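So the chains spell out like this:
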Amino acid sequence: MDFSWIGQYYPYFIAGTVNTIVLAFFTVLFGVLIGIVVALMKISKNRLLKFVASAYIEFIRGTPLVVQISIVFYGLPVKFPEITFLGMEMERFIPGIIALSINSGAYVAEIFRAGIQAIDKGQTEAARSLGLTQAMAMRYVILPQAIRNILPALGNEFVVVIKESSIVYIIGIAELMFSSSIVRGATYRALEPLLLTAVIYFILTFTLSKFLGIAERRMRAGD
Amino acid sequence: MIKVNGLHKKFGKLHVLNGIDIEINKGEVVVVIGPSGSGKSTFLRCLNLLEHPTDGEIIFEGVSITSKHNDINKQRQKMGMVFQQFNLFPHLSVLENITLAPRKLKKLSKEEAEKKAFDLLKRIGLEEKANNYPGQLSGGQKQRIAIVRALAMSPDVMLFDEPTSALDPEMVGEVLDVMKKLASEGMTMVVVTHEMGFAKEVGTRVIFMDEGRILEENTPEELFGNPRNARTREFLSKIL
C-alpha cells in the first residue's frame, strides 16, 4: 500500500466528492418530484395517465442505467449548453442529472404509490365527506401520512442514488469515480485510489443514513 | 331536505340497493335498522355520494346531487358524516382535525376556526384534549371528536354510519349522549345503528331495511311495538 500520492492528488477527490454530492442532490430533488407526479398518475382513474406512468416505470426498471445515461447523453438530438459553472461542465452535468433523475423517479414513484395505497381508505372518505376535494385530501391527509410511512424506503433510495451516480463517469462527469480513474492513470496505482473512493462513498452514504434515521425518529415522535 | 327516488346500487353482480324511495325532512332523526348485508350502510353512503348510485336520483336542498354536472363537494360541506372506524386523521392534533376543513373550505382564519373548535370541544367536555393526537384518545373520545369535526362545518344534516359498533361497550353511552344532545337541538340526522334503545328514545322515524329495500317505516313506538312486516318481526325478535 502506498498512499504517498494523496498529498499531490487530493484536490481531485475533493472536487469529485463535491460533484458527486451536487449530482446526488439534484437527482434526489428531481427524482422525488418526478416520482410523486408519476405515482399520482398511476393511481389516477384516467387510463391514459395510468398507462403512461406504468410504461415509464416498467421501461426504466427493465433497462440498465448505463444505457439510459448513454441514450440521454449521446443519443438525444439536444444540444446542452457548453457552460462551465464552478468547475462543472454543464453539457455533461445536465444530461447526467436528467438521466439519473428519470431513473430514480421510476423507483421513487413505486415507493410513493405503495405508500399512498397503504393509507386506509377511510382517511380519504373522511376527508371527502367534509367537502375537501380529491387534491386537498391528497395534500393534507394522505401524502403527509404516506411520506411518514415511506421515509425508510425513500432514504434507502437516496443512498442508492449516491452510489449509482458513480456510473456517470462514463460520460465524463468529474465525480468521485472519475477522479479515481484520473489518479489511477497518473500514478499507475489502482487499488489505493479506489479504496479511498470507496471510503468516501461509504462516509457519504453512512452519514446520510444516520441523518435520515434522526429525521424518521422526529416524525415518529408525533404518534 | 333529502329526497331519494328509485335508488339502485350494484357492486358487480351484487344488487345491494334495490329501489329506495324516501324523503327526509328537516329536524327528523331517521334511524335505519336491518340485518347486516341489508344495504343500510350503502344507502347512507349514497346520500353523500361516497358510493355512486347505479340508478336513481338524490335531491338535497333542491339540488340533484346525482346529476353529472353537480359538484358534490359543495353539498358535502352541508352533510356531516361519522364513520364506524372514526377515521380521525392520525397525523393531525385534535384541534387540527377539527379546523382543517373550515380553514381550507370556508377560508376561516386559524383563530376563528380554533375558537369554533374550542366551543364545540367544550360542549363534549374534551377541550383539554385539543392538542393531543388521535392515538392518545380512547375510542369513545375519538368518535366524539369525529362528530365535532363534522359539526365544525355547520352541516344541515348529519349522517351516522354505525357510530358505536366499533366501541367497547362502556364507551357507547358517551357517544350516544352526544348524539342525543345533537338531536334535541334540532339537528337533522340519519343514523344507521344497532342501538335499538337509541332508536326508540331519539328516533322520530325508524326504517327497517332488508335485501336492499325499505320493508317498513314508522314511528319507533309503532315499528317496535307493532311491527307489520313478517321480516321486521323476525329481525326484532332476534335482537330484542
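Every chain begins its residue count from 1, and numbering advances along the sequence as written. Chains and ligands are labelled by the order in which they are written, letters from A for the one and numbers from 1 for the other. Selection of residues for local features in this predicted model requires a pLDDT of at least 70, selection of side-chain atom pairs for listing and counting requires 80 or more, and totals for whole chains, interfaces and linings are taken over all residues. Hydrogens are left out, water is left out, and the side-chain values use all remaining heavy atoms of the structure.

(A) A look at the packing of aromatic side chains. Note on aromatic contacts: the rings of Phe and Tyr and the six-membered ring of Trp form a pair at centre separations within 6.5 Å, being stacked when their planes are under 30 degrees apart, edge-to-face when over 60 apart, and tilted otherwise. Under the defined criterion, the tally for this structure stands at eight aromatic pairs over all chains. Residues Phe25 of chain A and Phe26 of chain A carry aromatic rings whose centres are separated by 5.3 Å and whose planes lie at 85° to one another, so their mutual orientation is edge-to-face. Buried, partly exposed and exposed residues are distinguished by accessible area as a fraction of the type maximum, computed with a 1.4 Å probe on protein chains only: under 20%, between the cut-offs, and over 50%, respectively. You can call Phe25 of chain A exposed: its relative accessible area is 51%. With a relative accessible area of 32%, Phe26 of chain A lands in the partly exposed category. Seen in terms of ring centroids, Phe208 of chain B and Phe235 of chain B are 5.2 Å apart; in terms of plane orientation they differ by 45°. Their pairing is tilted. One end of the pair, Phe208 of chain B, is in strand β9 (residues 205-210); the other, Phe235 of chain B, is in helix α9 (residues 230-239), with 27 residues separating them in the sequence. Throughout this description, the term charge over a ring refers to an Arg CZ or Lys NZ atom that lies within 6 Å of the ring centre and within 35 degrees of the ring normal. A cation over a ring is seen here: Lys200 of chain B above Phe224 of chain B, with NZ or CZ 5.3 Å from the ring centre. The way it works is that DSSP assigns letters per residue, a run of H or I at least four long becomes a helix, a run of E at least two long becomes a strand, and they are numbered from the N terminus.

(B) Up close: the nonpolar core. What we call a nonpolar core is a set of buried Ala, Val, Leu, Ile, Met, Phe, Trp, Tyr and Cys residues that are connected through their side-chain atoms within 4.5 Å. Among the nonpolar cores identified, the biggest contains 69 residues, and Ile2, Val4, Phe43 and Leu47 of chain B are the most heavily contacted of them. The leading source of residues in this core is helix α6 (residues 134-164) of chain A, at 13 residues. Two residues qualify as a contact provided that any one of their heavy atoms is within 4.5 Å of a heavy atom in the partner residue. With sequence-adjacent residues up to four places away left out, Phe43 of chain B is seen in contact with Val4, Leu7, Leu17, Ile20, Ile22, Val32 and Met209 of chain B. Counting residues in each nonpolar core, the second largest holds 47 residues, with Ala130, Val178, Ala199 and Phe235 of chain B among its members.

(C) Geometry of the side chain of Ser179 of chain A. The topology assignment puts Ser179 of chain A in helix α7 (residues 176-187). Not counting residues up to four positions away in its chain, the partners in contact with Ser179 of chain A are Tyr12, Phe13, Gly16 and Ala174 of chain A.

(D) Representation of the side chain of Glu110 of chain A within the structure. Residues and elements named next belong to chain A. Along the chain, the position of Glu110 falls in helix α4 (residues 90-117). Judged by relative accessible area, Glu110 falls into the buried class, the value being 14%. The term polar contact refers here to a pair of N or O atoms within 3.5 Å; inside protein, the definition further demands a hydrogen-donor-capable atom paired with an acceptor-capable atom, and it admits residues adjacent in sequence only when both atoms are side-chain atoms. For Glu110, the side chain forms a polar contact with the side chain of Arg113, separated by 3.1 Å. Among residues more than four places away in sequence, those in contact with Glu110 are Lys42, Ile57 and Arg61.

(E) Molecular detail of the confidence of the model for chain B. All names here are of chain B. With 100% of its residues at a pLDDT of 70 or more, chain B has an overall mean of 95. Values of pLDDT, which run from 0 to 100, indicate the predictor's confidence residue by residue. Ranking the elements of chain B by mean pLDDT puts α9 last with 92 and strand β6 (residues 79-82) first with 98. In the predicted complex, the global pTM is 0.85; the interface-specific ipTM is 0.93.

(F) Inspection of the interface of chain B and chain A at higher detail. Counting from both sides, the interface comprises 22 residues of chain B and, opposite them, 19 residues of chain A. Once two parts are joined, some of their accessible surface, as seen by a 1.4 Å probe, is lost; buried area is that loss totalled over both. Taking both partners together, chain B and chain A bury about 1,900 Å²; carbon and sulfur atoms supply 61% of that area. Take a side-chain nitrogen of Lys or Arg and a carboxyl oxygen of Asp or Glu: if they are within 4 Å of each other, that pair is a salt bridge. At the junction of chain B with chain A, the criterion picks out one salt bridge. Across the pair Glu125 of chain A and Arg45 of chain B runs a salt bridge, and its minimum N-O distance is 2.7 Å. Linking chain B with chain A are six residue pairs in polar contact (both at pLDDT 80 or more), by the criterion used here. Among the elements of the structure, α2 (72-76), β6, α3 (94-105) and α5 (139-151) of chain B are those that each provide at least two residues to the side of chain B that touches chain A. When residues in the side of chain B that touches chain A are grouped by element, the largest group, four residues, is from α3 of chain B. Here the side of chain B that touches chain A is composed, by residue class, of 13 nonpolar, five polar and four charged. Polar here means any residue outside two lists: the nonpolar Ala, Val, Leu, Ile, Met, Phe, Trp, Tyr, Cys and Pro, and the charged Asp, Glu, Lys and Arg; Gly therefore counts as polar.

(G) A look at helix α2 (residues 47-61) of chain A. Residue and element names in this part refer to chain A. Here the expected span of a helix is defined as 1.5 Å times the quantity of residues minus one. Between its first and last C-alpha, α2 extends 21 Å over 15 residues, near the 21 Å set by a 1.5 Å rise per residue. Within α2, burial applies to Ala53, Tyr56, Ile57 and Ile60. The buried residues of α2 occupy one face: seen down the axis, they fall within an arc of 95°. For α2, the exposed residues set more than 90 degrees away from the buried face come down to Arg47, Leu48 and Phe51. Sitting at the head of α2, Asn46 places a side-chain oxygen 2.8 Å from the backbone nitrogen of Leu48. By construction, the arc corresponds to the directions joining the helix axis to the C-beta atoms.

(H) How the structure looks around the packing of α3 of chain B against α5 of chain B. Residue and element names in this part refer to chain B. Interaxial angles span 0 to 180 degrees and are taken between N-to-C directions of axes, which are lines fitted to C-alpha atoms, for helices over the stretch in contact. At a closest axis distance of 8 Å, the pairing of α3 and α5 adopts a crossing angle of 25°. The angle between α3 and α5 places the two elements in the roughly parallel class. As for the relative orientation of α3 and α5, their crossing is right-handed in sense. Within the contact between the two elements, α3 uses Val94, Asn97 and Ile98 and α5 uses Ile145, Val148 and Arg149. Grouping the amino acids of the contact of α3 with α5 by side-chain chemistry returns four nonpolar, one polar and one charged. Reported orientations rely on four angle classes, namely roughly parallel under 35 degrees, roughly antiparallel over 145, roughly perpendicular from 65 to 115, and oblique for the rest. Note: crossing handedness is left-handed where the near helix turns anticlockwise from the far helix by less than a right angle, and right-handed where it turns clockwise.

(I) Region of interest: the pairing of β9 of chain B. All names here are of chain B. β9 sits mainly inside the fold: six of its six residues count as buried. Residues of β9 alternate between two faces, with Arg205, Ile207 and Met209 on one and Val206, Phe208 and Asp210 on the opposite face, all of them buried. Sheet topology places strand β3 (residues 29-33) next to β9; four bridges connect them, and they run parallel. Opposite Val31, over in β9, you have Val206 as the bridge partner. A pair of strands is treated as paired once DSSP finds two or more bridges between them. Direction of pairing for β9 relative to strand β10 (residues 213-218): antiparallel, over a ladder of five bridges. In the strand pairing of β10, Phe208 is matched with Glu216. From the end of β9 to the start of β10, which pair antiparallel, there are two residues, and Glu211 there has a positive phi angle of about 50°.

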